[in-house]
Amino acid sequence: MKNNKIALLPGLSLFLCFCLLTGMGRLAGRLGGGAPLTALSEAAAFLLPMVLAVVSLRDQKAVRRRLRPRRLPKGALGVTVKLGVTVAVLSLFLNLLIYQIAGLAGADLTATALDAPQTGMTLPGKLLVIVALSAVVEEMYLRGALMAAQEQSVGTGACLVFSGFAFAMLHGSLMNFFGPLLAGIAYAYLTYAFGSVWPAVLAHAVNNLYYVFVLWITDTYAAFGIWNHFAAINAIVLLLFLYLTLRGAEGLLAKGYIPHLEKGAGLYDLLLLVRNPGVIAFIAAFLVKVVLHWI
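Residues numbered from 1 in each chain as written. Predicted model: local features only at pLDDT ≥ 70, side-chain atom pairs only at ≥ 80, totals over all residues. Heavy atoms only, no water.

S.K.: Give a description of the overall build of the protein chain that names residues and reports values.
M.R.: Counting its secondary structure elements, the protein chain contains twelve helices and zero strands. The order of α-helices and β-strands along the protein chain, N terminus first, is α-α-α-α-α-α-α-α-α-α-α-α. For 295 residues, the compact-globule estimate of 2.2 N^0.38 gives 19 Å, and the protein chain sits close to it at 19 Å. Over its C-alpha atoms, taken along the principal directions, the protein chain stretches across nearly 65 × 50 × 35 Å. Within the protein chain, the fraction of its 295 residues that count as buried is 47%. Sequence separation of at least 24 residues holds for 81% of the intrachain contacts in the protein chain that already meet a minimum separation of 6. Looking at the protein chain as shown, the accessible area adds up to about 14,800 Å², and 70% of this sits on carbon and sulfur atoms. (Helix = DSSP H or I, 4+ residues; strand = E, 2+ residues; numbered from the N terminus. Rg over C-alpha atoms; globule rule 2.2 N^0.38 Å. Buried < 20%, exposed > 50% of the residue type's maximum accessible area, 1.4 Å probe, protein only. Contact = heavy atoms within 4.5 Å. Areas by Shrake-Rupley, 256 points an atom, 1.4 Å probe, with all protein chains shown as cover.)

S.K.: Can you lay out the packing of helix H4 (residues 76-101) against helix H9 (residues 198-221) for me, pointing to particular residues and giving the numbers?
M.R.: Where H4 contacts H9, the axes come no closer than 8 Å and their chain directions differ by 45 degrees. Relative to H9, H4 is oriented oblique. Note that H4 runs across H9; the crossing there is right-handed. When H4 is examined against H9, the residues Leu77, Thr80, Val81, Gly84, Val85, Val87, Ala88, Val89, Ser91 and Leu92 are found in contact with a partner set consisting of Pro199, Leu202, Ala203, Val206, Asn207, Tyr210 and Tyr211. (Axes fitted to C-alpha atoms, helices over the stretch in contact; angles between N-to-C directions. Parallel < 35°, antiparallel > 145°, perpendicular 65-115°, else oblique. Left-handed = near helix turned anticlockwise from the far one by under 90°.)

S.K.: So what's going on with the pattern of salt bridges? Which residues, and what values?
M.R.: The tally for this structure, following the rule as stated, stands at two salt bridges. When the shortest N-O distance is used, the salt bridge between Glu151 and Arg66 registers 2.6 Å. Of the two residues, Glu151 sits in the loop between helix H6 (123-150) and helix H7 (156-170) while Arg66 sits in helix H3 (residues 60-67), which places them 85 residues apart along the sequence. A salt bridge links Arg143 to Glu139; the nearest nitrogen and oxygen atoms lie 2.7 Å apart. Highlighted residues: Arg143 and Glu139, both in helix H6, separated by four residues, approximately one helical turn. The pair formed by Arg143 and Glu139 is uniform in burial state, with each residue classed as buried. (Salt bridge = Lys/Arg side-chain N within 4 Å of Asp/Glu carboxyl O.)

S.K.: Explain H3 to me, using residue names and the numbers behind them.
M.R.: Turning to H3, its buried residues are Ala62, Val63, Arg66 and Leu67. Burial along H3 is one-sided: seen end-on, the buried residues are contained in an arc of 125 degrees. On its buried face, H3 sits against helix H2 (35-55), H6, helix H8 (178-194) and H9. (Arc of directions from axis to C-beta.)

S.K.: I'd like a description of the environment of Glu139, backed by residues and values.
M.R.: Taking the relative accessible area as the measure of exposure, Glu139 reaches 0% and is therefore buried. Spatially, the C-alpha atoms of Glu139 and Leu12 are 18 Å apart, while their sequence positions differ by 127 residues.

S.K.: With reference to specific residues and values, describe H4.
M.R.: A rise of 1.5 Å per residue sets the reference length of H4, with its 26 residues, at 38 Å; its end C-alpha atoms lie 37 Å apart and thus fit the reference within 8%. With its phi angle positive at about 75 degrees, Gly103 sits one or two positions after the end of H4. (Expected span 1.5 Å × (residues − 1).)

S.K.: Describe in detail the packing of H7 against helix H12 (residues 277-294), supporting the description with residues and values.
M.R.: The N-to-C vectors of H7 and H12 enclose an angle of 40 degrees; their axes lie 10 Å apart at closest approach. The angle between H7 and H12 places the two elements in the oblique class. The interaxial crossing formed by H7 with H12 has left-handed handedness. Across from Phe162, Ala166, Met169 and Leu170 in H7, the residues of H12 making contact are Val279, Phe282, Ile283 and Phe286. Among the residues forming the contact of H7 with H12, the class breakdown is eight nonpolar, no polar and no charged. (Nonpolar A, V, L, I, M, F, W, Y, C, P; charged D, E, K, R; others polar.)

S.K.: Residues and numbers for a positive patch on the surface, please.
M.R.: Together, Lys61, Arg64, Arg68 and Arg70 make up a region of like positive charge exposed at the surface. Note that Arg68 resides in the loop between H3 and H4. By relative accessible area, Arg68 is classed as partly exposed at 46%. (Patch = residues over 30% accessible without salt bridge, like charges linked within 9 Å, V, L, I, M, F, W, Y side chains within 5 Å. Lys, Arg positive; Asp, Glu negative; His and termini not counted. Charge placed at Lys NZ, Arg CZ, Asp CG, Glu CD.)

S.K.: Tell me about the side chain of Asn208, and name the residues and values.
M.R.: Take Asn208: it is sitting in helix H9. Among the polar contacts listed, one links the side chain of Asn208 to the backbone oxygen of Ile130, at a separation of 2.9 Å. (Polar contact = N/O pair within 3.5 Å; in protein donor to acceptor, adjacent residues only side chain to side chain.)

Below is the structure:
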């Protein structure tokens, strides 16, 4: 009975995280936002659920190993940064595609890419809260504690896919879904490949920094028609960094620095994660939010 209750905690932590993100995000917006309030909301929304996920671990050392900084093999740091840029640009194109399909091409996509409240935040505040803090607390929970808890019972492949979908749904929007889905899988793989959450934190921070930069440059140079060249510039950046990322990853694989995925039961493993009552409640809450947004 005790083991069954503990098995529920990872899913319940996701549901709690979604509720805290939604509720505290709205509260922070009504109170005017600002860096301190946004930082407090972000930390509480991810660190409190992290406690539930850690409690569910049979081996507490697993999460400590994930959170402990490790010396990366030569070339891994460069691959991590390049992957962060690649994921950022590719995610933006995926979201642009969704906006085109939905007939919302003129909407402010860059603002929706950063779902944290930004009202009243200066550039240093955005760098501290959106780029640094959010990357740390989100990765500590999702790829540190939660993924470690799920790996106790299912294969790595299912954990990677689930991590991507969880990250996407925590963004709370179908318009900003496929970009975070890709990013979540990439960050989860970095955590698995290097045995530490900090490469994922770095890639996540690079991703967020890219969006902060896009927001700044489009606001600053909108009058000069930068949007007319935005897609072409980003396509060049994507092709360059995708090539550099794949080339660097190939070198790490050839040297045996990146392990092969552990065998699992495929879709059955994923089903085991999804049928957790807490996960079902999380999915239901996400769907309700999406439906209410479109009504």
